[in-house]
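# Observations on chain architecture
In case you want the letters, here they are:
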Amino acid sequence: MFKHLSRVWLLVSLPFFAFANPNAQQVIVGQVTGETIVETINALGTLSARESVALSVSVTERVSSLHFQDGEQVKKGQVLLRLFSEEERASLAELKVATQDAQRQYDRFVPLFQRGDVAQSVLDERKRDWDLAKAREAVMQAKLDKLTLVAPFSGQVGLRQVSEGALLTPGTVVTDLKDLSQMKLDFTVPSRFLTELATGLNVRAETDAYPQQAFTGQIETILPQIDPVTRSVQVRANLDNAKGLLMPGMLMKVTLQQQPRSVLFIPETAIVPIAERQFVYKLNPDENGLYKLQRVQVQLGMRQPGLVEVVSGLKLGDKVVSEGALRVRPGQLVRALERLERKSDMADQEAGL
């Protein structure tokens, strides 16, 4: 009799919905949670100068004078080297005199033409002589300019490769010039991140030469081509080098930091793959504290340990089956628990009573 009464007490102490469906399937519930994340892309890159050129002459002549030292900082337009040019300078002076004389002749004929003392053809001939003289002077000036080597931009010269008195021929390298005020950082990124790349995206770079310092910059160029072998895209960033710490050829560890974005996560165990599609069982509240299952197709994104991003199909706060999904079916009524109850637990409770 006492045993029978103890069973009655156990039934009364159970939740009310147990009478409605005492055999309802038990499942572990998981909830769609939101999080703001900042994704990063890591790569290795190599530095090169913003501008770099090997300086050479385009004529055959001997070096008259040098005007720079090894490793010197030079300004744009600064004279670096002069070749012997006495003959050309003398010819230029002669042509300037001829140009001035042709101009005087033209100026003398202008008032005569205006009074009608000379014909138009005579004035045109004097104008032609003046133009030819200016053209000859310009040609000689161009030849003289080739005998002077100037810096095409501001930067730092390298080692001097020639000496005074040396005979130079076209293409002979005098020195190299690099603009190191800013550095170009070239690296490759897997093509799967192509949609995440954009010009202006912030770049953080580090090098073993300065382990405690980070260098920042922005993406300047994304080549519109994917390497068919490595399946990667070439990217170039621009780094500031105002302190002159960075040098061409340095290996840099690159980190691309994307804009923060809000994502939705669900437990990875909630995913039910069917063919090539991914589904979850969404819990919709029903009567008597039970839930009715709805199979929902979802699109997945990035993964974290134990979690997976839901791009579409669910919204924040939705409840899904995180464990036991393989034992249920759409439209089934289930009990949502934080952990599964074992039958032995119920038997132990009954035996103790």
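Everything numeric here is computed off the predicted structure, so don't read it as measured data.

## Here's the deal with the pairing of strand β21 (residues 333-337)
Direction of pairing for strand β1 (residues 25-31) relative to β21: parallel, over a ladder of four bridges. Considered in β21, the bridge of V27 is made with A336. The sheet contact formed by strand β18 (residues 291-304) and β21 spans two bridges and is antiparallel. Bridge pairing links Y291 to V334 in β21.

## Details of helix α4 (residues 120-145)
Here α4 spans 37 Å end to end across 26 residues, near enough to the 38 Å set by a 1.5 Å rise per residue. Taken as a whole, α4 has its buried residues at L123, W130, A133, E137, M140 and L144. Where α4 is buried, its residues contact α3 (86-115) and β7 (148-150).

## Considerations on the packing of α3 against α4
Running from amino to carboxyl end, α3 crosses α4 at an angle of 160°, the nearest separation of the two axes being 8 Å. When the interaxial angle is binned, α3 and α4 end up roughly antiparallel. The chirality of how α3 crosses α4 is left-handed. Each residue belonging to the contact of α3 with α4 can be placed in one class, and the counts come to 14 nonpolar, six polar and nine charged.

## Re the environment of L264
Summarising the element assignment, L264 is placed in strand β15 (residues 261-267). Along the chain, L264 and L316 lie 52 residues apart, while their C-alpha atoms are 6.8 Å from each other. Filtering out sequence-adjacent residues up to four positions away, L264 remains in contact with V32, T33, G34, V308, E309, V310, L314, K315 and L316.

## What to know about α3
Between its first and last C-alpha atoms α3 spans 45 Å; for 30 residues at 1.5 Å apiece the expected length is 44 Å, and the two agree. If you check which residues of α3 are buried, you get L92, L95, T99, A102, Y106, F109 and L112. Next to the buried residues of α3 lie α4.

## Thoughts on the pattern of salt bridges
By the definition in use, this model includes 13 salt bridges. Two residues, D117 and R115, come together in a salt bridge whose shortest N-O distance is 3.2 Å. Here R115 falls in the exposed class, since its relative accessible area comes to 56%. Here K134 makes a salt bridge to D131, at a shortest N to O gap of 3.8 Å. Of this pair, K134 and D131 both sit in helix α4, three residues apart, which is roughly one turn of the helix. D131 sits in the partly exposed class, given a relative accessible area of 32%.

## A short note on the sheet that holds strand β9 (residues 167-168)
One open sheet accounts for four strands, arranged β7-β6-β4-β9; its pairing is antiparallel. The open sheet terminates on both sides in strands that have one partner only, identified here as β7 and β9. Bridge analysis of strand β4 (residues 61-66) against β9 gives two bridges, and the strand direction is antiparallel. In the strand pairing of β9, R62 is matched with L167.

## Brief notes about the side chain of T207
With respect to the helices and strands, T207 occurs in the loop between β11 (202-206) and β12 (215-226). Within the local environment of T207, its side chain forms a polar contact with the backbone oxygen of L251, the two atoms lying 3.4 Å apart. Those residues in contact with T207, other than ones at most four positions away along the chain, are F215, M250, L251 and M252.

## Overview of the confidence of the model for the protein
Per-residue pLDDT for the protein averages 85, and the proportion of residues at 70 or more is 89%. For the stretch residues 343-353, pLDDT sits under 50, and the model shows eight contacts to residues farther than four places along the chain or on other chains.

Rules used in this analysis
Residues numbered from 1 in each chain as written. Predicted model: local features only at pLDDT ≥ 70, side-chain atom pairs only at ≥ 80, totals over all residues. Heavy atoms only, no water. Pairing = 2+ DSSP bridges. Helix = DSSP H or I, 4+ residues; strand = E, 2+ residues; numbered from the N terminus. Expected span 1.5 Å × (residues − 1). Buried < 20%, exposed > 50% of the residue type's maximum accessible area, 1.4 Å probe, protein only. Contact = heavy atoms within 4.5 Å. Axes fitted to C-alpha atoms, helices over the stretch in contact; angles between N-to-C directions. Parallel < 35°, antiparallel > 145°, perpendicular 65-115°, else oblique. Left-handed = near helix turned anticlockwise from the far one by under 90°. Nonpolar A, V, L, I, M, F, W, Y, C, P; charged D, E, K, R; others polar. Salt bridge = Lys/Arg side-chain N within 4 Å of Asp/Glu carboxyl O. Polar contact = N/O pair within 3.5 Å; in protein donor to acceptor, adjacent residues only side chain to side chain. pLDDT = per-residue confidence, 0-100.

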